[in-house]
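Below are the chains, spelled out letter by letter.
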Amino acid sequence: STLRPRRLPARGIDGTGSLTATILPAIVERPALGRPAPDPAACISLCWDWVMTMKLDFLIVGGGQAGAKAAEALRADGFEGVICIVCEESELPYLRPPLSKDFLQGKAERESVLVHAQEWYRDNDVELMLGNEATELDRAHHAIVLADGSRRRYDKLLLCTGSSPRSLTVPGADLEGVHYLRRLDDSERIRAGFAASAQVVMIGRGWIGLETAAAAR
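What comes next is a walk through the structure. Computed from a prediction, not measured in an experiment: that's the story for all the values here.

Calculation rules
Residues numbered from 1 in each chain as written. Predicted model: local features only at pLDDT ≥ 70, side-chain atom pairs only at ≥ 80, totals over all residues. Heavy atoms only, no water. Helix = DSSP H or I, 4+ residues; strand = E, 2+ residues; numbered from the N terminus. Expected span 1.5 Å × (residues − 1). Buried < 20%, exposed > 50% of the residue type's maximum accessible area, 1.4 Å probe, protein only. Arc of directions from axis to C-beta. Phe/Tyr/Trp six-rings, centres within 6.5 Å; stacked < 30°, edge-to-face > 60°. Lys NZ or Arg CZ within 6 Å of the ring centre and 35° of its normal. Salt bridge = Lys/Arg side-chain N within 4 Å of Asp/Glu carboxyl O. Contact = heavy atoms within 4.5 Å. Pairing = 2+ DSSP bridges. Right-handed = clockwise from strand over helix to strand, strands pointing away.

Concerning helix 5 (residues 184-196)
Next up, step 1: Spanning 13 residues, helix 5 covers 19 Å between terminal C-alpha atoms, matching the ideal 18 Å at 1.5 Å per step.
Next up, step 2: Within helix 5, burial applies to L184, D186, S187, I190 and F194. One face of helix 5 carries all of its buried residues, which in axial projection span an arc of 155°. Residues of helix 5 that are exposed and angled more than 90 degrees away from the buried face: A195 and A196.

Have a look at this one:
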């Protein structure tokens, strides 16, 4: 295979991650350390208030077609909670199939490959966190860690990170003119390379490689 799934490093022994389950016992059990125990009802109220203020109902990691369509399906099914899409790329969620076809050939504009226009996310109350990669998954506390060091909690998490081309590990793999096709910018660079090159070599004979070779013609 020329693709490898993208994964988030995860820590935490299970996926429960309830703040009440993880924080409250540590507070209530303080008498074992010789300290007076606070009122359990007050502790529950405090934890619950904190959960409500930090709550992120549905977090989608990945800004491709799957992530955007998942948000669309949630709203269509009447989901009223918070929906947030986190994506490493700064582009609005877009379709990848055209990157090796019409868009690569210059027959389609950027706007035509978007899953939804900017207004759709505003009108459907879907939050976008673009240009900030999710680098770690903390399952025990129902949170993801972002590249800027911040954390985002979730109640439900959907990973739509897709896959990436396998990088070549041969001499010359880092030379100018060697491209991988996964993103919008990749397709634009390859299109420019087609125009400036007399010969093109494709590594990978899968569907994407064949479509890219056809686009080069």
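Structural notes on the packing of aromatic side chains
Next up, step 1: Scanning the model with the defined rule gives two aromatic pairs in all.
Next up, step 2: Aromatic pair F58 and F79: ring centres 5.9 Å apart, planes at 80°, arrangement edge-to-face. Remark: F79 occurs in the loop between helix 3 (65-76) and strand 4 (83-87) and F58 occurs in strand 3 (residues 58-61); sequence separation between them is 21 residues.
Next up, step 3: For the pair W120 and Y121, a centre-to-centre distance of 5.1 Å together with 85° between the ring planes defines the contact as edge-to-face. Comparing W120 with Y121 shows no difference in burial state: the two are buried.
Next up, step 4: It is R191 that lies over the ring of F103; its NZ or CZ is 4.9 Å from the centre.

What to know about the pattern of salt bridges
Oppositely charged side chains may form a pair once their charged atoms are brought near each other.
Next up, step 1: In the structure shown here, the tally under the stated rule is twelve salt bridges.
Next up, step 2: Across the pair E72 and K69 runs a salt bridge whose closest N-O atoms are separated by 3.1 Å. You can see E72 and its partner K69 sitting in helix 3, three residues apart, about one turn around the helix.
Next up, step 3: Residue D186 is joined to R189 by a salt bridge in which the shortest nitrogen-to-oxygen separation is 2.7 Å. Pair noted here: D186 and R189 are both in helix 5, with a separation of three residues, about one helical turn.
Next up, step 4: A cluster of three or more residues bridged by salt bridges with shared partners is formed by E91, R110, D185 and E188.

Concerning helix 3
Next up, step 1: Taking 1.5 Å as the rise per residue, helix 3 with twelve residues should run 16 Å; its terminal C-alpha atoms sit 16 Å apart, in good agreement.
Next up, step 2: Considered for burial, the residues of helix 3 that qualify are G67, A68, A70, A71, L74 and R75. Buried residues along helix 3 cover an arc of 155° about the axis, so they all sit on one side.
Next up, step 3: Packing partners of the buried residues in helix 3 comprise strand 3, strand 4, helix 4 (118-123), strand 5 (126-130) and strand 9 (156-159).
Next up, step 4: One or two steps after helix 3, the chain reaches G78, where phi turns positive at roughly 90°.

Remarks on the pairing of strand 7 (residues 143-146)
Next up, step 1: Neither face of strand 7 is open: one carries A143 and V145, the other I144 and L146, and all of them are buried.
Next up, step 2: Inspection of the sheet shows strand 6 (residues 134-138) paired to strand 7 by four bridges, in the antiparallel sense. The residue of strand 7 that forms the bridge with A134 is L146.
Next up, step 3: Hairpin connection, strand 6 to strand 7: the antiparallel pair is bridged by four residues, and H142 has positive phi, about 50°.
Next up, step 4: Turn length for the strand 7-strand 8 (residues 151-153) hairpin, with the two strands adjacent in sequence and antiparallel, is four residues, and the turn residue G149 shows positive phi of about 95°.

Overview of the pairing of strand 5
Taken residue by residue, a regular strand's side chains alternate between the two faces of the sheet.
Next up, step 1: Note that strand 4 and strand 5 share five bridges and pair parallel. Residue pairing in the sheet places V86 in a bridge with M129 of strand 5.
Next up, step 2: Read as a crossover between parallel neighbours, the route from strand 4 over helix 4 to strand 5 is right-handed.

Let's talk about the environment of V61
Next up, step 1: Relative to the helices and strands, V61 is located in strand 3.
Next up, step 2: According to the relative accessible area criterion, V61 is buried, its value standing at 4%.
Next up, step 3: Expressed as a C-alpha distance, the spacing of V61 and C84, which sit 23 residues apart in the sequence, is 8.4 Å.

Focus: the environment of D125
Next up, step 1: Along the chain, the position of D125 falls in the loop between helix 4 and strand 5.
Next up, step 2: Residue classification places D125 among the exposed residues on the basis of a relative accessible area of 57%.
Next up, step 3: Each C-alpha atom of the pair D125 and I83 lies 7.4 Å from the other, and the pair is 42 residues apart in sequence.
Next up, step 4: In contact with D125, other than residues within four places in its own chain, are R75 and I83.

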